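# Chain and residue survey
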Amino acid sequence: QVVGETRQMQLLRMPSDFCSLTSTLHGVACLQCGSPPLEPALCLVCGTLLCAAHTCRRHKEPSRPAEGDCTRHARQCGGGCGFFYLVHSCTVL
């Protein structure tokens, strides 16, 4: 939703039962590396599942600065603001 020049973010509707969310996300592949994340992070804006904390197994280019998937995704999805549910630690980043 756009208000003036500012885009208003809306968060994903989360299930009331986090056990079902965890089991639903188990085994889902990261869009960047194609493997299930070692530390899964769910974008609470668009629902994309990412690897958190530099655990992504995709090929990293040495010429690019070390940047985590959550940081990159927040810039692309939320204009630099990101809200992520860290599945294994049950916390919001």
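Provided above is the structure to which this section pertains.
So, here is what we can say about the structure in this document. (Residues numbered from 1 in each chain as written. Predicted model: local features only at pLDDT ≥ 70, side-chain atom pairs only at ≥ 80, totals over all residues. Heavy atoms only, no water.)

## Here's the deal with the sheet that holds strand E6 (residues 91-92)
- Read from one edge to the other, the open sheet built from 4 strands follows the order E4-E3-E5-E6, with strand pairing classed as antiparallel. Because the sheet does not close on itself, it has two edges, and the strands there are strand E4 (49-51) and E6.
- Sitting on the sheet, helix H2 (residues 69-78) touches strand E3 (40-43), E4 and strand E5 (84-86), and the angle it makes with E4 is about 140°. (Pairing = 2+ DSSP bridges. Helix = DSSP H or I, 4+ residues; strand = E, 2+ residues; numbered from the N terminus. Contact = heavy atoms within 4.5 Å. Axes fitted to C-alpha atoms, helices over the stretch in contact; angles between N-to-C directions.)

## Focus on H2
- Across the 10 residues that make up H2, a large majority, 7, are buried.
- All of the buried residues in H2 are Asp69, Cys70, Arg72, His73, Ala74, Cys77 and Gly78.
- One or two steps after H2, the chain reaches Gly79, where phi turns positive at roughly 65°. (Buried < 20%, exposed > 50% of the residue type's maximum accessible area, 1.4 Å probe, protein only.)

## Describing the nonpolar core
- Core analysis: the largest hydrophobic core is formed by 10 residues, namely Ala41, Cys43, Val45, Leu50, Ala52, Cys70, Ala74, Cys77, Phe84 and Leu86.
- Take this core: its biggest share by element is 3 residues, from H2.
- Leu21, Leu42, Leu49 and Tyr85 belong to the second largest nonpolar core, which has 7 residues in total. (Core = buried A, V, L, I, M, F, W, Y, C linked by side-chain atoms within 4.5 Å.)

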